[in-house]
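# Summary of structural features
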Amino acid sequence: MTGETPRRRHSPAVYRRRRIVLLIGVLLVAALIWLLVAQPWRSTASEGAEPQTEKTQDAAGSLPVPTAGATPGVTPTGEAPAVDATPKPTPSGTPAAQPCVGSDITVEAVTSQESYSNDQVPSFSIRLTNDGDADCTLNVGTSGQVFTVTSGSDTWWRSTDCQSEPSDMVVLLTAGQTVSSASPLTWDRTRSAVGTCDDETRPRAPGGGASYHLAVEIGGVASTETTQFLLY
């Protein structure tokens, strides 16, 4: 015998408390791991938020006119079905329409009359047709519209010389659809130039049956032909 004092054994209650503490620690660690993985707060936030919709694209139902006032829309014409200006979502699983190719787009310069008397001002419009087999998108905003009046080699008037607040508007043109300006742009029969927009003494275009030609451009696509009109 060495005379050492025998080690005192703990009571069963002590071991039970230790096991309970250990079990609580394991549960806390497991709960922490679950919170990091499941992140339930994300689900709560998403339930309270407004559901997000797919990016939509405006159907071609409004073609702005480059004027200083309000910009009226256009009316679909021809056999193509009419569409409104309400954004229409791209169906799920359907590829988004691609930008229009110039060769598939026909742009026409339109005058309200073939000739104008001395007290009349010419009115101009754009007629736009998607001749392709597929829907496509085009920027028809005023930033990409140009109306040009010439007489021979002389350029008398260009709409961009005094354009106010140009803007972009990308729309969807369905295959075969035609849209044209409902409210035309008028020309005051004077010569335009940047810096002379408020000049009331700008030269007036000669009349007496003089011939003029209107050319237009929209979205980078120019009219293939000019439209002739006469001033009296």
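Presented here is an overview of the structure given in this document. (Residues numbered from 1 in each chain as written. Predicted model: local features only at pLDDT ≥ 70, side-chain atom pairs only at ≥ 80, totals over all residues. Heavy atoms only, no water.)

## Focus on the nonpolar core
Formed by 30 residues in total, the largest nonpolar core has its most connected members in Leu128, Val149, Trp187, Tyr212 and Phe229. At the level of secondary structure, the elements contributing two or more residues to this core comprise strand S5 (105-111), strand S7 (123-130), strand S8 (136-139), strand S9 (145-151), strand S10 (154-158), strand S11 (170-173), strand S14 (210-218) and strand S16 (227-231). The biggest single contributor to this core is S14, with five residues. (Core = buried A, V, L, I, M, F, W, Y, C linked by side-chain atoms within 4.5 Å. Buried < 20%, exposed > 50% of the residue type's maximum accessible area, 1.4 Å probe, protein only. Helix = DSSP H or I, 4+ residues; strand = E, 2+ residues; numbered from the N terminus.)

## Let's talk about the packing of aromatic side chains
According to the stated counting rule, one finds eight aromatic pairs in the structure shown. Ring plane angle 20 degrees and centroid distance 5.9 Å describe the contact between Tyr212 and Phe229, whose orientation is recorded as stacked. Of the two residues, Tyr212 sits in strand S14 while Phe229 sits in strand S16, which places them 17 residues apart along the sequence. Residue class for Tyr212 comes out buried when judged on its relative accessible area of 1%. Given the relative accessible area of 0%, Phe229 is considered buried. For Arg191, the ring lying beneath its charged end belongs to Trp156, and the centroid distance is 3.8 Å. (Phe/Tyr/Trp six-rings, centres within 6.5 Å; stacked < 30°, edge-to-face > 60°. Lys NZ or Arg CZ within 6 Å of the ring centre and 35° of its normal.)

## A short note on the state of the cysteines
For the structure shown, the criterion picks out two disulfides. In this model Cys100 forms its disulfide with Cys136; the gap between the sulfur atoms is 2.0 Å. Disulfide Cys100-Cys136: torsion about the S-S bond near 85 degrees, hence right-handed. In this pair, Cys100 is assigned in the loop between strand S4 (98-99) and S5 and Cys136 in strand S8, connecting sequence segments 36 residues apart. Cys100 sits in the buried class, given a relative accessible area of 15%. Linked covalently through their sulfurs, Cys162 and Cys197 form a disulfide whose S-S length is 1.9 Å. (Disulfide = S-S within 2.5 Å.)

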